[in-house]
Amino acid sequence: MADTVNLTDRARALFDQVRAARGPLTMVLGSGCCDGGSPFLFENYPPPANHRQVGELDGIPVWVDNGLWQGVDLDLTIDAVQDPASDSFSAESELGYRLVLI
Amino acid sequence: MATAVSESVKTYQLYIDGEWRDATSGETFPSINPSNGEVIANVAKATREDTQAAIAAARRSFEKGEWATKSFRARSDIMLQAFKHIAQVAIERDWATIESQDAGVTIRLANLSHVPVGLEHFRSLAVQGGEIKDYEPLPWVDMPAVAWNFVNREPVGVIGQIIPWNFPLMMACWKLAPALVAGNSVILKPASYTCLTALELIRALDETGLFPKGVINIVTGPGGSVGEELAAHPEVDKVAFTGSTEVGRRIMQLASGTVKKVTLELGGKSANIILPDADLDLAIDGSLFATFLHQGQVCESGTRLLVPESLHDEVLERLVARTREIVVGDAADLESGMGPLVSDVQLQTVKRYVEIGKQEGARVVVGGKQPEGLDRGYFFEPTIFDGVTNDMRIAQEEIFGPVLSVITYKNTGEALQIANDSIYGLAGGIWSQDIPEAISLAKRIRTGTVWINDFHLLNDVSPFGGYKQSGVGKELGMHGLLEYTIAKHIHVAQSNKRADRFIWDTLLP
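Summary of the structure given here. (Residues numbered from 1 in each chain as written. Chains lettered and ligands numbered in written order. Predicted model: local features only at pLDDT ≥ 70, side-chain atom pairs only at ≥ 80, totals over all residues. Heavy atoms only, no water.)

### Structural notes on the pattern of salt bridges
We apply this condition: By definition, a salt bridge exists where a carboxyl oxygen of Asp or Glu is found within 4 Å of a side-chain nitrogen of Lys or Arg. Numbering of helices and strands runs from the N terminus, with a helix taken as a DSSP run of H or I at least four residues long and a strand as a DSSP run of E at least two residues long. Three exposure classes are used, based on accessible area relative to the maximum for each residue type with a 1.4 Å probe and protein chains only: buried under 20%, partly exposed in between, and exposed over 50%.
Throughout the structure, instances matching the rule amount to 41 salt bridges over all chains. Here B:Lys488 ties to B:Glu154 by a salt bridge, and the two come within 3.2 Å at their closest N and O atoms. Taken together, the residues span a long stretch of sequence, with B:Lys488 in strand 23 (residues 485-493) and B:Glu154 in strand 7 (residues 147-155) at a distance of 334 residues. Take B:Lys488: its relative accessible area is 38%, and that puts it in the partly exposed class. Here B:Asp285 ties to B:Arg322 by a salt bridge, and the two come within 2.8 Å at their closest N and O atoms. Taken together, the residues B:Asp285 in helix 9 (residues 280-292) and B:Arg322 in helix 10 (residues 312-324) connect sequence positions 37 residues apart. We classify B:Arg322 as partly exposed; its relative accessible area is 37%. Through salt bridges with shared partners, a single network forms among A:Arg22, A:Glu43, A:Glu94, B:Arg48, B:Glu228, B:Glu229 and B:Arg250.

### Focus: the packing of helix 3 (residues 95-103) of chain B against helix 6 (residues 196-208) of chain B
Residue and element names in this part refer to chain B. Spelled out, the test is: Only the contacting stretch of a helix is used when fitting its axis, a line to C-alpha atoms as for every element, and angles between N-to-C directions run 0 to 180 degrees. In what follows, roughly perpendicular refers to angles from 65 to 115 degrees, roughly parallel to angles under 35, roughly antiparallel to angles over 145, and oblique to any angle outside these ranges. The criterion used for residue contact is that any of the two residues' heavy atoms lie within 4.5 Å. Residues are grouped as follows: Ala, Val, Leu, Ile, Met, Phe, Trp, Tyr, Cys and Pro are nonpolar; Asp, Glu, Lys and Arg are charged; all remaining types, including Gly, are polar.
Between helix 3 and helix 6, whose axes approach to 9 Å, the crossing angle comes to 150°. When the interaxial angle is binned, helix 3 and helix 6 end up roughly antiparallel. Residues Trp-95, Ile-98, Glu-99 and Asp-102 of helix 3 touch helix 6, and the partners they reach there are Leu-196, Thr-197, Glu-200, Leu-201 and Ala-204. Considered class by class, the residues forming the contact of helix 3 with helix 6 number five nonpolar, one polar and three charged.

### Side note on the sheet that holds strand 6 (residues 135-137) of chain B
Residue and element names in this part refer to chain B. Stated precisely, the cut-off is as follows: For two strands to be treated as a pair, DSSP must find no fewer than two bridges joining them.
Strand order across the open sheet formed by three strands is 6-7-23, with antiparallel pairing between neighbours. Where the open sheet ends on each side, the last strands, each with one partner, are strand 6 and strand 23. Across the sheet, the mean angle separating the axes of adjacent strands is 25° when strand polarity is ignored. Sheet analysis places strand 7 next to strand 23, joined by nine bridges and oriented antiparallel. Bridged to Arg-153 within strand 23 is Ala-487.

### Examining the side chain of B:Ser287
All names here are of chain B. With respect to the secondary-structure elements, Ser-287 resides in helix 9. By relative accessible area, Ser-287 is classed as buried at 1%. Look past the residues within four positions of Ser-287 in its chain and what remains in contact with it is Asn-272, Ile-274, Leu-305, Leu-319 and Trp-431.

### Side note on the pairing of strand 13 (residues 271-274) of chain B
Residue and element names in this part refer to chain B. Definition in use: Here, the term right-handed applies to a crossover whose path from the first strand over the helix to the second runs clockwise when the strands point away from the viewer.
By the alternation rule, side chains of strand 13 split into Ala-271 and Ile-273 and Asn-272 and Ile-274, which are all buried. Sheet topology places strand 13 next to strand 19 (residues 428-431); four bridges connect them, and they run parallel. The residue of strand 19 that forms the bridge with Ile-274 is Trp-431. Pairing of strand 13 with strand 14 (residues 304-308) involves three bridges; the strand directions are parallel. If you follow Asn-272 over to strand 14, its bridge partner there is Leu-305. For the crossover from strand 13 across helix 9 to strand 14, the handedness is right-handed.

### Describing the sheet that holds strand 4 (residues 28-32) of chain B
All names here are of chain B. If you walk across this open sheet you meet the three strands as 1-5-4, and the pairing is mixed. Unpaired on one side and paired on the other, strand 1 (10-12) and strand 4 mark the two borders of the sheet. If you compare each strand with its neighbour and ignore which way they point, the axes differ by 30° on average. Judged from the five bridges that link them, strand 4 and strand 5 (residues 39-44) form a sheet pairing that is antiparallel. Within the sheet, the bridge partner assigned to Ile-32 lies in strand 5 and is Val-39.

What follows is the structure, encoded as structure tokens:
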């Protein structure tokens, strides 16, 4: 098995909106606290140390923390939900949405 | 779960440069009661421009120096004067009920902890800040010539403060009180789900008229715009953040542009170790308190319970029996020991992790689902997984909900190894009747706090802050206060003789 990453149609549509408003994007999977357990879409973000790439979505690389998911094959599906009050620093929060794992 | 907004729902504005104002976009967002999905207030949705205005106001006030140049003692006295008003309106305006409705904190917990403890921390940090010396003498130096050296203790400057939704008022107090007593100008961004008590606190501070305009600002709005602006803006000198590890990492990156100071309180997956000689009457209830307090939405929760193999069956049986007695219900109900999770997003996250735990082969022994008859809010039953190994995702990832993973160990060495096998290092617990042995073990756990025979007890004089990916820096107590200051070294030469400056001769002929 290997890592897989998928996007729902809703999330894909949101990606296009975010891309129009932002520079080069990177996706990182978060964990820990408050809004940790969700994907984060960051602009101009260098991949952090000890992370591995688990895939690419619409040209956007997806990274996860290898300290947390070493030896774990991740099967991720990323969706978007409306959330006018999202505190995630993820780029879509400005548009009133939040990316979530389903 | 949309609900019609009643006419009586209050709308909160932004507080920038000593004035309440709408967001420049005119937009607001609703604050939802997670017990029933109803809108309880609307809150201004700040834009990047609003945030920039708040930063500019803070910068102006800091440069003007009305607040920044007062002594620690003088600022402390003013804050204690303000505190009298705060403590009064906290009761008159029933902040405990607001906190309970806004954040899903049970009214029992809001009345006993969230509000009174938060306010006591504000008061105590103001008092402790008054003890900070404006000048600290340093040893005289006599090489190459006699000189007098001292530290001038100064504020850092403009501080962006970003707080989470689990302890809204307490986090606002932990951030504002030390920053203000140290003479900084602040921009506070509360968590969008739970802005109300922080807004009420700022309202009360404003009403005192004791703070120069621009010293205190509050902007409410999304992390992706307001938060990012605070973390990246060149006129912000420091960012203080409590929240997720991933956002903490992002803040460090954004802050690096102008090398801002940062303090970060991030995630955790704390081990709670029952030693073979533990008093189980304490350890059982204590371990449930460690995990299920505020529905498990606490960063330092003891979410990994480490149990010796010899005690496994007894501990598990007693844990399950006590867990079944926990009452889950509307946060406003005095009978409720647990309220709802803060949001539907959080509820879905917890449900997803429970499924991951099952797929990994761990066994749900109690809970694991939404309680029956509570379909209007975001409730989840207190849940215990047995048969967990530390490499499972439910043992490594922070769920931030009412989910306990029980892990057995063979000997204390293995317990220590499991406890430290985490990317996090926030806190931990040890249950034992042998205090010297427990202290010896506590020293070897790589976390910022270890409780022996108790849990969750952070206090106003003890530093709190994580090792590893749980954060940078400390909050609370003198350690936390000094994070909001900079030690400036001033050297005053005491000799008038050119000859004493012989080191200059290495350059000059």
